[in-house]
2 protein chains.
Amino acid sequence: MISASLTKEFEAVVGSENVFTSEPERQAYSYDSAVLEPVTPALVVRPTNSEELGKVIALCNENNCPITVRGAGTNLSGGTIPDKRDGIVVLTNGLNKILEINEEDLYAVVQPGVVTAQFAQEVAKRGLFYPPDPGSQAVSTIGGNVAENAGGLRGLKYGVTKDYVMGLDFFDVNGQLVKTGSRTVKCVTGYNLAGLMAASEGTLGVFNEIILKLTPPPAASKAMMAVFDDVNKASEAVASIISAHVVPCTLEFMDQAALKHVEAYTKAGLPVEAAAILLIEVDGHPGQVADEAAVVEKCLTKSGATAVHVAKDAEEKFKLWEARRNALPALARAKPTTVLEDATVPRSQIPAMVAAINDIAKKYDLAIGTFGHAGDGNLHPTILCDRRDAKEFHRVEEAVDNIFDVALSLKGTLSGEHGIGMAKSKWMEKETSRATIDYSLNMKRAIDPNNILNPGKIIAG
Amino acid sequence: MISASLTKEFEAVVGSENVFTSEPERQAYSYDSAVLEPVTPALVVRPTNSEELGKVIALCNENNCPITVRGAGTNLSGGTIPDKRDGIVVLTNGLNKILEINEEDLYAVVQPGVVTAQFAQEVAKRGLFYPPDPGSQAVSTIGGNVAENAGGLRGLKYGVTKDYVMGLDFFDVNGQLVKTGSRTVKCVTGYNLAGLMAASEGTLGVFNEIILKLTPPPAASKAMMAVFDDVNKASEAVASIISAHVVPCTLEFMDQAALKHVEAYTKAGLPVEAAAILLIEVDGHPGQVADEAAVVEKCLTKSGATAVHVAKDAEEKFKLWEARRNALPALARAKPTTVLEDATVPRSQIPAMVAAINDIAKKYDLAIGTFGHAGDGNLHPTILCDRRDAKEFHRVEEAVDNIFDVALSLKGTLSGEHGIGMAKSKWMEKETSRATIDYSLNMKRAIDPNNILNPGKIIAG
């Protein structure tokens, strides 16, 4: 319980209209997109400028109140679930200003609550390009993207969120501003704390302003869909494209189970009889696009694609990509519970990983639809189940364990882009080492001695 | 003094042939490329495998001996100068194996002592590309490059060393292996310690193996030299190229003072009468190269270039770039002391920065030759002086202060790529904040309680 007098102190900082105390208001922030128990926060606070944000953090630290900063709550690993110990949720939707888009120097400065897709649109209006495109970009925030080091469809060619963070300033636990990185392309002044903040899941500081790198947009692009009657052929096609030294902008995979659900939901005209499809886009200079598209088509045909459809215009391309973006909501309609994994492997191991997922589905008698960013080895096997069925859910947990073991044995990782959060910390040591956990814990304890910055995430142990 | 018994313990770990105790052997590792007082280490130790490296670190920690890990000693900010408190230098030239070059998955795994240019050559033999090219690449090591987050000529388009570190494992202060990152394109398992290690200057851990990202090489390139009779016109041309949304692979600047010294040294045929030149290379698909080269030529002519020479073949290009690479040694011949700065500004501020450097040279009556990576705002004003002349050197120090103040007022940074080391820590707070220093110190103390990992670097202040 937060005392009435402490609540008043928060109200004095952000105004009573920005402190939410009622049960229904608080419950709305008790969960995110992960399959985990909700925890209702003790208080929800919404600062609307930097000064308020800094004061809120200091007040939390002085009163030993755990803070969970929340953007859009699209987190898939429980990173935005508040702490049981009188957790306070700090909303960033009042900190949603684009402060600068610098067209000459190719950077932008934003507050953490700016919505990703809106930011990308503003940048595009000025003839520039912000490449990171996480699946949830329509609602996700830049602050959340940085805290999770969000990936997306274009990660293969353009990298992930951390590759676009030139610098940021953030509040330490005392509400003091720490500044790292710069508006310059190169900066080695002090520790790369901007790098450390990416994927830190709100446990090491609270973002105030973020400097993002922009690039000129590609001049042309070409999108195509390849249809396969055998899932292995599709996954081999992925490996063969990368081996041919073409790095597409996107290279997405959907297996039959995913296809059927997505088509039922989107009516995009997907080939539901296919064993799998690949959605591929190459971009860049028009000459490069033509050459690379030709190489890709050759690889697809050689790998046994039964058909290759080239999108005839932007609208057709949009329809296909929109269908892919709807894979998760489409699958989520099928069963009460959707367990979405993102174990990731080196690209050449995609055939082995896809085969293993299918074996695991059979072994544990589970419905698994797989889609994802095949080009960067980041698949999303999605287990359709019902959490209330204890027996089935036990099999789900075993299957997830098994998926992680296979990914690690193929020199992959537990999580490509969804984060560790509360959902995966128990597997951390398996991928890294005890020394890695200890090193991380030492660092965290020094930076946040009262353990108030999103406790229980990443290295809950 | 290191005791004879402790020396014997080091010999037991790495063999007596890999422990250097004599005065001349130790003196060879007392300095690097910065203008700072040398400090002779108490002992020099050369591990030749991971196990030895881990044991050396643990032994140092147990005995409270400061470690300075040394690659090629090309550091320009004193990062490889040992500690006065019985400092031990750990050489990495016995840890120089390329462990894997994975052509299918576009990554490599190397030990820290691998020489940058040799690595890039091995990668090129397999038809792949490792872009980072620090000026010292012929002798510098990958471990040193990561520890400093080394830049180079291609930073503008291809980024810097940190952008190619997919993962690494490093020894903590107890000699235990910490693992971070992955062989996969995406990885968010735990804190981004790989990002934190970049630019950490040996103060947070000792690298064991480094996973580096590779890319397909550009299919074509075109190099040109533009000659200007006015330094302002050259710096305006830089800004106009970026504003035209062309991102060249390299965009280098040399003023007349630099040109004269470089031509005397290299006989490359540089136009010594010019006020400044730009060396520009665009690369990529042949169609893109042709288009971008045309835009660049237009920008150059419009900005008032008196001549634009396109390199007719690879040999001519090599000669020009080699001349640029020799700028530092060429300038260093002129006077006993060479103070090389790398204050960096947003690219559009290059004209203001170049003008300010020329004003500062006049104000303090100093010879300053300026060259550098104009395309990313990273200039290297080089003060030619004699440290033994106390009066002159006082003016040098004031000029450096002044250069930093101007860079910061233009929203730039103290150091683009040379690091903070011992040379610049006193300016850190000016660019960042007291909270940034405290945050960094807290982290460092928790990770290295005995302060044995390259003490006195970055945040000595």
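Residues numbered from 1 in each chain as written. Chains lettered and ligands numbered in written order. Predicted model: local features only at pLDDT ≥ 70, side-chain atom pairs only at ≥ 80, totals over all residues. Heavy atoms only, no water.

An unreviewed UniProt entry annotates chain A as FAD-binding oxidoreductase of Halodesulfovibrio aestuarii. UniProt's Sequence similarities (unreviewed entry) comment on chain A is quoted here verbatim: "Belongs to the FAD-binding oxidoreductase/transferase type 4 family." Per UniProt, chain A carries the Cofactor (unreviewed entry) text "FAD". (UniProt positions renumbered as here; feature names shortened; annotations may be inferred.)

If you tally the helices and strands in chain A, you get 16 helices and 16 strands. Its C-alpha atoms give chain A a radius of gyration of 22 Å, within 12% of the compact-globule value 23 Å for 461 residues. Along the first, second and third principal axes, the C-alpha set of chain A runs to 70 × 60 × 45 Å. A burial count over chain A gives 62% of its 461 residues as buried. Considering only intrachain contacts with a sequence separation of at least 6, the fraction spanning at least 24 residues in chain A is 72%. When the accessible area of chain A is evaluated, it comes to approximately 16,300 Å², of which 50% is carbon and sulfur surface. With 45 positive and 57 negative side-chain charges, chain A shows a spacing of 2 Å between the two charge centroids. (Helix = DSSP H or I, 4+ residues; strand = E, 2+ residues; numbered from the N terminus. Rg over C-alpha atoms; globule rule 2.2 N^0.38 Å. Buried < 20%, exposed > 50% of the residue type's maximum accessible area, 1.4 Å probe, protein only. Contact = heavy atoms within 4.5 Å. Areas by Shrake-Rupley, 256 points an atom, 1.4 Å probe, with all protein chains shown as cover. Lys, Arg positive; Asp, Glu negative; His and termini not counted. Charge placed at Lys NZ, Arg CZ, Asp CG, Glu CD.)

Moving on, we get to the relation of the copies chain A and chain B. Of the transformation superimposing chain A on chain B, the axial component is 0.0 Å and the angular component is 180 degrees, with the fit at an RMSD of 0.0 Å. In symmetry terms, the pair is related by a two-fold rotation axis. Both copies present the same face, since 100% of the interface residues in chain A are matched by interface residues at the equivalent positions in chain B. (Least-squares fit on C-alpha atoms with pLDDT ≥ 70 in both.)

At the interface, 82 residues of chain A touch 82 residues of chain B. Carbon and sulfur atoms supply 61% of the area buried between chain A and chain B, which totals about 6,800 Å² over both sides. For the chain A face of the interface with chain B, the top three residues by lost area are Lys186, Tyr191 and Tyr439 of chain A, together amounting to 15%. Summed over the shared surface of chain A and chain B, the number is four salt bridges. Of the charged contacts, one joins lysine 186 of chain B and aspartate 376 of chain A as a salt bridge, the two residues approaching to 3.1 Å between their closest N and O atoms. Seen at the junction of chain A and chain B, the total is 38 residue pairs in polar contact (both at pLDDT 80 or more). The set of elements that each furnish at least two residues to the side of chain A that touches chain B consists of β8 (177-181), α7 (193-197), α8 (231-243), α10 (286-302), α15 (428-431) and α16 (434-447) of chain A. It is α16 of chain A that contributes the most residues to the side of chain A that touches chain B, nine residues altogether. In terms of residue class, the side of chain A that touches chain B is built from 31 nonpolar, 34 polar and 17 charged. (Buried area = accessible area lost by both parts, 1.4 Å probe. Salt bridge = Lys/Arg side-chain N within 4 Å of Asp/Glu carboxyl O. Polar contact = N/O pair within 3.5 Å; in protein donor to acceptor, adjacent residues only side chain to side chain. Nonpolar A, V, L, I, M, F, W, Y, C, P; charged D, E, K, R; others polar.)

The next thing to look at is the state of the cysteines. Residue and element names in this part refer to chain A. Counted under the stated rule, the structure contains zero disulfides over all chains. This cysteine, cysteine 65, is not joined by any disulfide, and cysteine 60 carries the nearest cysteine sulfur, 5.3 Å off. Between cysteine 249, a free cysteine, and cysteine 299, which holds the nearest cysteine sulfur, the sulfur-to-sulfur gap is 17 Å. Accessibility expressed as a relative area gives 2% for cysteine 249, which makes it buried. (Disulfide = S-S within 2.5 Å.)

Inspection of the secondary structure assignment puts serine 433 of chain B in the loop between α15 (428-431) and α16 (434-447). Owing to a relative accessible area of 17%, serine 433 of chain B belongs among the buried residues under this scheme. Non-local contacts of serine 433 of chain B, meaning those with residues more than four positions away in its chain, are made with Leu177, Val178 and Lys179 of chain A.

What follows deals with the domain arrangement of chain A. Residues and elements named next belong to chain A. Each domain of chain A was delimited in the assignment, giving domain 1 (4-91), domain 2 (98-213) and domain 3 (220-409). For domain 1 versus domain 3, the distance between C-alpha centres works out to 37 Å. Taken together, the contact between domain 1 and domain 3 spans four residues of the former and seven residues of the latter. For the pair domain 1 and domain 3, the two sides together bury roughly 340 Å², of which 67% comes from carbon and sulfur. Contact with domain 3 buries surface across domain 1, with Val35, Glu37 and Leu76 losing the most and accounting together for 94% of the total. At the junction of domain 1 and domain 3, the tally comes to one salt bridge. In this structure, glutamate 37 and arginine 387 form a salt bridge, with 4.0 Å as the shortest nitrogen-oxygen distance. In the side of domain 1 that touches domain 3, the residues fall into three nonpolar, no polar and one charged. (Domains from an automatic or database assignment.)

Take the environment of histidine 245 of chain B next. Residue and element names in this part refer to chain B. Take histidine 245: it is sitting in the loop between α8 (231-243) and β11 (250-255). The class for histidine 245 is partly exposed, based on a relative accessible area of 26%. Taking the C-alpha atoms as reference points, histidine 245 and valine 44, 201 residues apart in sequence, are found 50 Å from one another.

Bringing the packing of α8 of chain B against helix α13 (residues 350-363) of chain B into the picture now. All names here are of chain B. For the pair α8 and α13, interaxial distance at closest approach is 8 Å and the crossing angle is 150 degrees. Viewed along their axes, α8 and α13 adopt a mutual orientation that is roughly antiparallel. Judged by the twist between their axes, the crossing of α8 over α13 is right-handed. Of the residues in α13, those touching α8 at Val231, Asn232, Ser235 and Glu236 are Ile350, Pro351, Val354, Ala355 and Asn358. In the contact of α8 with α13, the residues fall into five nonpolar, three polar and one charged. (Axes fitted to C-alpha atoms, helices over the stretch in contact; angles between N-to-C directions. Parallel < 35°, antiparallel > 145°, perpendicular 65-115°, else oblique. Left-handed = near helix turned anticlockwise from the far one by under 90°.)

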